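Read off the chains here:
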Amino acid sequence: MKKKNLKVALLQFGGAEFTTTVVVDGKEVKKPVMISDQIGQVLWLAANSELSPEEKYKAFKIAQRIAANPEAVELSSEEIAMIKKMVAQVFAAGVYGQMVDVLEK
């Protein structure tokens, strides 16, 4: 198992951070979109018919670990390979490449 910091801001082409708007105490606030959140959502929402029930459960358990500690999530090489395969099906090259760099760092 390797500790990975997935709480990294996702960047647009050119280097600006992707942001999202959230409401905090009744005020709209922009916050960066984090790679940990995007990977977690892909795992959480895994509905690909090619995934076995065991793989879906594994995705769920990994998503829970990411949510609990995105700055130091423990991942095996097998889990990293699974994550890379799943996010490749969802994201374009620019986003996918950033995720791979963070996972392999």
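Note: the structure precedes this text.
Parameters at a glance
Residues numbered from 1 in each chain as written. Predicted model: local features only at pLDDT ≥ 70, side-chain atom pairs only at ≥ 80, totals over all residues. Heavy atoms only, no water. Axes fitted to C-alpha atoms, helices over the stretch in contact; angles between N-to-C directions. Helix = DSSP H or I, 4+ residues; strand = E, 2+ residues; numbered from the N terminus. Parallel < 35°, antiparallel > 145°, perpendicular 65-115°, else oblique. Contact = heavy atoms within 4.5 Å. Nonpolar A, V, L, I, M, F, W, Y, C, P; charged D, E, K, R; others polar. Salt bridge = Lys/Arg side-chain N within 4 Å of Asp/Glu carboxyl O. Buried < 20%, exposed > 50% of the residue type's maximum accessible area, 1.4 Å probe, protein only.

A. A look at the packing of helix α1 (residues 35-44) against helix α3 (residues 77-88). Interaxial distance between α1 and α3 falls to 10 Å at its minimum, and their mutual angle equals 85 degrees. When the axis of α1 is compared with that of α3, the two are roughly perpendicular. Listed contacts from α3 to I39, V42 and L43 of α1 are I83, M86 and V87. Here the contact of α1 with α3 is composed, by residue class, of six nonpolar, no polar and no charged.

B. Inspection of the pattern of salt bridges at higher detail. Summed over the entire model, instances satisfying the criterion amount to four salt bridges. When the shortest N-O distance is used, the salt bridge between E71 and K7 registers 3.8 Å. Here K7 lies in the loop between β1 (2-4) and β2 (19-24) and E71 lies in the loop between α2 (53-68) and β4 (73-75), a separation of 64 residues in the sequence. Take E71: its relative accessible area is 44%, and that puts it in the partly exposed class. Taking the relative accessible area as the measure of exposure, K7 reaches 40% and is therefore partly exposed. The closest approach of N and O atoms between E79 and R65, which form a salt bridge, is 2.7 Å. Of this pair, E79 sits in helix α3 while R65 is found in helix α2, placing the two residues 14 residues apart along the sequence. Classification of E79 as buried rests on a relative accessible area of 11%. The partly exposed category is assigned to R65, whose relative accessible area is 28%.

C. Structural detail: the packing of α1 against helix α4 (residues 93-104). The N-to-C vectors of α1 and α4 enclose an angle of 100 degrees; their axes lie 11 Å apart at closest approach. Considering their axes alone, α1 and α4 lie roughly perpendicular with respect to each other. Contacts between α1 and α4 pair I35, Q38 and I39 from the former with Q98, M99, V102 and L103 from the latter. Taken together, the residues of the contact of α1 with α4 sort by class into five nonpolar, two polar and no charged.

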